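# An overview of the molecular structure
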Amino acid sequence: MARWLVETWNAVRFTFGVGRKQNELESEMDCHIGEAVDDLVEQGVRREEARKRVLREFGGVEQIKEDCRDSWGTRMVSDFKRDLTFGLGQLRKHKGFTVVAVATLSLGIGANLTIFNFVNAMLLKPLPYPESEQFAEFQPVHPSFGPMSIAYQNFLDWKEMNESFDEFHCYRFQGFTLTGVDRPERILGMEASADLLSMLGATPHIGRFFGPSDDRAESERTVVLSFAFWQQMYGADPGIVGETVILNNNPYIVIGVLPSGFNFPTRASNPAVVWTPIGLNARNSGFLNRRNHPGINGIGRLKEGMSVDQAYRDLNRITALLGEEYPDSNLGVTMLVDDYHKEIVEDVRPGLVLLSCAVGCLLLIVCVNIAGLLVVRAASRSAEFSFRASLGAGRPRIIRQLMSENFILAVAGGAIGLVLARWGVRFLADFAETEMRFSEVDFTLFDTSGILFFAGIVFMTCLLFGLFPAIQASLSTSVLILSGSRTATAGRQFRRLKDALVVGEVALALVLLSGAGLLVRSYQEYVVAGPGYNPDNTLILNVSLQGETYASDEAKLAFYRKLLLQTRALPELKYAGLCSNLLGGHQDNYRIEGQPEFTAGGTEEPFAEYSRITPGAIEAMGIRLLAGRTFTEFDTAEVGRVALVDQQLARRWWSSSEEALGKRFFDDGELHEIVGVVSHVKHHGVDQNSLDSIYRPAAQMPFGFIRLVARTHGDPMGLVESIRDIIAGIDSNLAVSNVTTLQSIVDSQSFFRRLTMTMLIVFAAAALVLSSIGLYGVASFAASQRTQEFGIRIALGASLQDIRALVIKGGGKLALVGVGIGLLGAFGAGWLIRGLLFGIAPADPLTYLAVTVVIGAVAILASYLPSRQAGKTSPIEALRAE
């Protein structure tokens with residue numbers, strides 16, 4: 001072992017100075033020979049004769065030089081250089097094989113590099129914040145409807161009483177209307193507790209951040225601007241610090257600007273452009289009520305050495321105490337504590353793991369395919385290998401020569417794959433930020449992990465596709481020397497290895513095809529199930545009615561009437577309505593009349609998603625009316641309280657939708673009569689469970705933040721400017737925000753599901769093409785090895801169809817074995833991805849039947865083409881060739 005290490009070290013040490021050492025050796029040998037010649041000349045021997053005698057006495061100068069070079073330990077390096085030079089010549093000589101092999105490898109390696117970078121950035125790398133591995137999320141869990149946002153007073157108690165966190169913060173997104181500018185704008189803000197920005201490692205570009213003294217109800221209103229917003233709205237004016245901006249009709253003093261490139265670690269649809277202290281809201285009654293959960297989230301940094309489990313026990317200890325002290329709001333509530341990074345990527349983790357397995361499987365198929373090409377190529381070079389063996393080359397020397405050629409292919413494929421990966425990473429980085437909302441993720445390709453993965457995948461790929469064909473080629477040399485025939489035992493060995501590779505290729509392709517098929521079937525079920533509403537041609541936009549102008553319910557209702565009256569007059573419009581919550585967002589409990597009152601915090605306490613709507617909103621959303629009626633202009637505050645419920649709530653309490661009509665329930669101590677039952681809406685996606693839904697008339701409880709829903713005859717975005725003009729004509733101080741379509745919301749809910757399915761289909765299609773090439777190659781190789789047999793069969797009367805059947809039968813057997821093995825793997829893969837499936841079982845028989853038929857058809861086609869050529873075999877030519 002020590003000798004091997006010394007030789008390796010010498011090889012490395014002398015490799016970089018081998019040219020200098022070679023020159024020194026030449027000079028030393030010339031010096032020795034010259035001195036010996038001079039001695040003989042002095043003795044009277046002629047110089048020519050003296051040189052001959054000296055060379056004879058030395059016993060071979062080149063052999064001595066070779067022995068000296070071996071003593072340096074650089075023989076391995078020199079041989080490797082020679083092997084690389086020879087290998088380059090061989091690959092240049094067979095350009096078609098080289099281009100196919102390098103192109104195939106580049107696709108496989110490039111896909112793996114791209115997906116690895118994507119997975120590494122989102123799942124493996126820590127968030128780019130100081131000590132981010134210690135970040136934890138905390139969230140209360142209600143026994144009736146699960147996780148919910150935080151009540152602010154509970155947050156203050158957890159912050160004071162916990163023993164697990166060094167820093168303990170809360171935040172929520174909040175919309176603001178910016179006035180005092182050319183045109184009112186609706187902007188997204190972040191309300192956060194003091195020093196949250198400092199925990200995230202941010203330092204002010206100018207000014208300062210708000211601290212504990214700013215985060216109280218009695219404090220002066222202060223705001224921190226994002227760097228981009230500061231540049232866009234105020235021209236990067238450093239004098240903005242100390243100036244006043246008007247947000248929601250309230251003056252805020254600008255105290256600082258965030259640094260360029262800062263992103264908050266959350267997957268919000270848009271980044272916050274202003275930051276304000278959340279404690280300012282403590283002057284509002286909603287923040288004083290522990291039953292109110294106004295969209296607040298929690299994040300903190302654990303103390304050193306503190307685990308998530310310890311923090312979980314600590315916060316639940318405090319929550320139990322709060323449940324005893326405030327049973328009306330906190331009884332039965334528990335706390336959920338989890339690693340923050342894990343939590344924000346939890347929904348995409350299964351899909352990314354699936355894609356990682358898929359590209360790994362694709363690379364295996366690439367390696368198997370190239371290994372098959374190398375087997376065929378090795379069979380054509382069998383005479384070369386036997387000649388080398390007869391001259392004394394051992395099996396290790398032949399393997400080393402072939403692996404040098406394979407190394408060139410792997411490095412070339414890796415280099416091109418790296419270029420492809422750079423494009424793929426750039427695309428996925430943009431996609432992650434815009435579609436998946438991962439703006440804080442680091443997609444650097446050439447970091448330590450990326451370089452190590454690249455080197456490892458090139459090395460492993462070289463071994464996977466090159467080692468077994470090289471070993472097989474070296475084993476066949478002795479057989480070829482003894483048999484003297486290229487079609488004897490060695491040919492059968494090559495054919496068996498090629499057959500085994502094709503079987504593996506078909507099996508892997510079937511696994512990928514099955515996974516893609518299951519996701520396609522799942523998405524079909526997803527689409528058929530539907531969200532409970534019709535998203536076609538529907539425009540959504542938000543308007544906030546705030547300030548003294550809309551302080552009264554009468555002012556809000558007057559705005560509703562004007563907006564709907566003018567909007568419905570547009571010729572492109574079919575239906576229009578207003579709602580307070582578009583797809584969930586406000587949950588509260590209720591009690592059916594006649595049912596006993598529930599214990600606060602009890603698991604039997606029913607909750608529902610509440611929304612206040614105007615007439616026309618149900619029709620504009622495309623929600624189906626199943627029984628009764630929708631709201632009319634007569635459902636005002638002067639008449640009895642009425643409501644619509646969804647089918648899920650009706651089935652929970654009654655046997656049919658019709659039976660629910662006329663029934664009443666308590667909400668906020670008032671009785672509401674059910675006048676209609678509508679279809680259940682999946683608020684957060686078709687594959688997500690949703691609470692029951694209750695709709696109440698906006699006229700009986702007006703709201704300030706409204707969402708206009710407008711269903712059109714054509715493109716809904718074509719109405720945007722018209723509606724903007726209508727709103728500006730009613731009140732020029734109102735800002736329109738979040739303009740989108742209902743279809744885009746549906747698409748965003750299923751986006752990652754569709755992306756995973758699409759990418760897996762691409763990988764499966766590539767695998768199918770590669771496996772068909774492998775089947776074609778083995779059928780062609782088998783046909784070429786049986787040329788004499790086919791000639792004899794034809795001479796004895798075999799028909800063209802008989803010869804074709806023999807070739808197709810051979811390919812079919814391999815495909816059948818591959819399908820059998822692949823189905824076992826596909827069942828296992830289906831069980832592993834069951835969490836990504838919707839509406840179908842992992843062992844869906846229709847999927848596996850379809851995939852088997854596709855593989856069978858490809859196998860027949862791949863074998864049919866060589867069978868046509870085999871059927872044209874001439875008996876005389878076949879016998880002459882042998």
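Counting from 1, residues in each chain are numbered in the order their sequence is written. Thresholds applied to this predicted model are a pLDDT of at least 70 for local features of residues and 80 or more for the giving and counting of side-chain atom pairs; totals over whole chains, interfaces and linings are not thresholded and use all residues. Side-chain measures here rest on the full set of heavy atoms in the structure, leaving out hydrogens and waters.

## Let's talk about the overall build of the protein chain
- What the protein chain contains, in helices and strands, is 29 helices and 23 strands.
- Partly exposed describes any residue whose relative accessible area lies between the buried limit of under 20% and the exposed limit of over 50%, with all areas from a 1.4 Å probe on protein chains only and scaled to the type maximum. Out of the 882 residues belonging to the protein chain, those deemed buried represent 49%.
- Exposure was quantified through the Shrake-Rupley algorithm and a 1.4 Å probe, taking into account, for residues, occlusion by the shown protein chains and nothing else. Total accessible area on the protein chain stands at roughly 40,900 Å², and carbon and sulfur atoms take up 57% of it. What counts as a helix is a DSSP run of H or I of at least four residues, what counts as a strand is a run of E of at least two, and both are numbered from the N terminus.

## Comments concerning a nonpolar patch on the surface
- The grouping of L364, F459, M460 and L464 at the surface amounts to a nonpolar patch, some 380 Å² of accessible area in total.
- Among the elements that line the nonpolar patch, the one with the most residues is helix α17 (residues 448-483), at three residues.
- Mapped onto the fold, L364 is located in helix α14 (residues 349-380). Patches here: salt-bridge-free residues with over 30% relative accessible area, like charges joined within 9 Å, nonpolar side chains (Val, Leu, Ile, Met, Phe, Trp, Tyr) joined within 5 Å. We define a salt bridge as a side-chain nitrogen of Lys or Arg found within 4 Å of a carboxyl oxygen belonging to Asp or Glu.

## A look at the layout of surface pockets
- Its volume calculated, the second largest pocket comes out at about 570 Å³.
- For each structure, a 1 Å grid was placed over the protein atoms alone; sets of points admitting a 1.4 Å probe that cannot get out are labelled cavities, open sets with protein on both sides within 12 Å along at least five of seven lines are labelled pockets, and lining residues have an atom within 4 Å of a point. Around the second largest pocket sit 25 residues that line it, and L107, A111, L362, V762 and F763 are the ones nearest its centre.
- Residue assignment for the lining of the second largest pocket shows that the elements contributing at least two residues are α6 (95-124), α14, α16 (395-434) and α25 (751-785).
- Of the residues forming the lining of the second largest pocket, the biggest block, nine residues, is contributed by α25.
- Amino acids outside the nonpolar list (Ala, Val, Leu, Ile, Met, Phe, Trp, Tyr, Cys, Pro) and the charged list (Asp, Glu, Lys, Arg) are all regarded as polar, and Gly is one of them. Looking at the lining of the second largest pocket residue by residue, the class counts come to 18 nonpolar, seven polar and no charged. Grid points are joined across faces, edges and corners, and a volume is the space filled by probe spheres set on the points.

## What to know about empty space enclosed by the protein
- Throughout the structure, instances matching the rule amount to five cavities of 30 Å³ or more.
- Counted as a void, the largest cavity has a volume near 140 Å³.
- Lining the largest cavity are 17 residues, with N581, L582, S611, I623 and Y695 sitting closest to its centre.
- Residue contributions to the lining of the largest cavity peak at four residues, all from strand β16 (residues 607-613).
- Of the residues in the lining of the largest cavity, the class split is 11 nonpolar, five polar and one charged.

## Remarks on the nonpolar core
- Judged by nonpolar contacts, the single largest core of 101 residues is most densely connected at L196, W275, L512 and F763.
- Broken down by element, this core gets its largest block of residues, 13 residues, from α14.
- Structurally, this core is a two-domain feature, drawing no fewer than three residues from each of domain 2 (144-332) and domain 3 (349-529 + 751-881).
- Setting aside residues no more than four positions away along its own chain, L196 makes contact with H169, C170, Y171, F264, W275 and I299.
- With 27 residues, the next largest nonpolar core counts L545, L564, A698 and L734 among its residues. Grouping buried Ala, Val, Leu, Ile, Met, Phe, Trp, Tyr and Cys residues that are joined through side-chain atoms within 4.5 Å yields what is termed a nonpolar core. Segmentation into domains, and thus their bounds, comes from an automatic or database assignment. We call two residues in contact whenever any of their non-hydrogen atoms come within 4.5 Å of each other.

## Looking at unusual backbone geometry
- Positive phi values are uncommon outside glycine, yet D195 reaches one of about 70°.
- Following the sequence through the fold, D195 ends up in the loop between β4 (185-192) and α8 (196-199).
- Judged by its relative accessible area of 32%, D195 is partly exposed.
- Not every positive phi belongs to a glycine, and N249 is a case in point at roughly 65°.
- Counting through the fold element by element, N249 comes out in the loop between β7 (244-247) and β8 (250-257).
- For N249, a relative accessible area of 44% translates into the label partly exposed.

## Points about the packing of helix α19 (residues 553-568) against helix α23 (residues 720-730)
- Direction vectors running N to C along α19 and α23 enclose 145°, while the axes themselves pass 10 Å from each other. Handedness of the α19/α23 crossing: right-handed. Listed contacts from α23 to F559, K562, L563, Q566 and T567 of α19 are I723, I726, I727 and I730.
- Its residues placed into classes, the contact of α19 with α23 shows six nonpolar, two polar and one charged. A fitted line through C-alpha atoms serves as each axis, taken over the contacting stretch for helices, and the angle formed by two N-to-C directions is quoted from 0 to 180°. Left-handed is the label given to a crossing in which the near helix is rotated counterclockwise from the far helix by less than a right angle, and right-handed is the label when the rotation is clockwise.

## Some thoughts on the environment of A50
- In this structure, A50 sits in helix α3 (residues 47-58).
- Sequence separation between A50 and V37 is 13 residues, and the spatial gap between their C-alpha atoms is 5.4 Å.
- With near-sequence residues (within four places) excluded, A50 lies in contact with V37, L40, V41 and V45.

## Section: α23
- Listing the buried residues of α23 in full gives V720, I723, I726 and I727. One side of α23 carries all its buried residues, which in axial view fall inside an arc of 125°. Away from its buried face by more than 90 degrees, α23 exposes E721, D725 and G729.
- Each element contacted by the buried residues of α23 is listed here: β12 (538-544), α19, β22 (705-712) and β23 (736-741). Throughout, the arc means the angular range of directions from the helix axis out to the C-beta atoms.

## Comments concerning the pairing of strand β18 (residues 642-646)
- Most of β18 sits out of view: five of its five residues are buried.
- Burial along β18 is two-sided: the face carrying V642, L644 and D646 and the face carrying A643 and V645 are both buried.
- Between any two strands, pairing holds if DSSP finds at least two bridges. Of the pairings in the sheet, the one linking β18 to strand β20 (residues 670-678) comprises five bridges and is parallel in character. The residue bridging V642 from the neighbouring strand is E673, located in β20.

## Some details on the pattern of salt bridges
- Tallied over the full model, the rule gives 17 salt bridges.
- Notably, a salt bridge pairs R172 with E191, separated by 2.7 Å at the nearest N-O pair. Of this pair, R172 sits in strand β3 (residues 165-179) while E191 sits in strand β4, and the two are 19 residues apart along the sequence.
- Put simply, E131, E167 and R301 are held in one network by salt bridges that share partners.

## What to know about the packing of aromatic side chains
- When the centres of two rings from Phe, Tyr and Trp lie within 6.5 Å, Trp using its six-membered ring, the rings pair. Their planes under 30 degrees apart give stacked, over 60 give edge-to-face, and anything left gives tilted. Taken as a whole and assessed by the stated rule, the structure comprises 20 aromatic pairs.
- Ring geometry for Y590 and F665: centres 6.2 Å apart, planes at 75°, overall edge-to-face. Residue Y590 is located in the loop between β14 (587-589) and β15 (591-592), and its partner F665 is located in strand β19 (residues 664-667); the two are separated by 75 residues in the primary sequence. Just as Y590 is buried, F665 falls in that class too.
- Here the aromatic residues F138, Y152, F155, F165, F168 and F287 are joined through ring pairs into a cluster of three or more.
- By definition, being over a ring means that NZ of Lys or CZ of Arg is both within 6 Å of the ring centre and within 35 degrees of the ring normal. The ring of Y326 has R290 lying over it, and the distance from NZ or CZ to the ring centre is 3.8 Å.
- A cation sits over an aromatic face here: R834 above W831, 4.0 Å from the ring centre.

## Let's talk about the state of the cysteines
- Only a pair of cysteine sulfur atoms within 2.5 Å qualifies as a disulfide here. Taken as a whole, this structure holds zero disulfides when the rule is applied.
- Its sulfur unpaired, C361 is 9.0 Å from the next cysteine sulfur, which belongs to C357.
- Overall, the relative accessible area of 11% leaves C361 in the buried class.

## Regarding helix α7 (residues 152-161)
- Three or more residues of α7 are buried, namely Y152, Q153, N154, F155, D157 and W158.
- Those residues of α7 that are buried lie in contact with β1 (135-142), β3, α10 (285-288), α11 (308-325), α12 (327-330) and β11 (334-339).

## A closer look at the pairing of β12
- Counting buried residues in β12 gives seven out of seven residues, a clear majority hidden from the surface.
- A two-sided burial pattern is seen for β12, the buried positions comprising T538, I540, N542 and S544 on one face and L539, L541 and V543 on the other.
- Alignment of β12 against β22, held across seven bridges, turns out to be antiparallel. Bridging across to β22, T538 finds its partner in R711.
- Here four bridges tie β12 to β23, and the two strands are oriented antiparallel to one another. The residue bridging I540 from the neighbouring strand is T740, located in β23.

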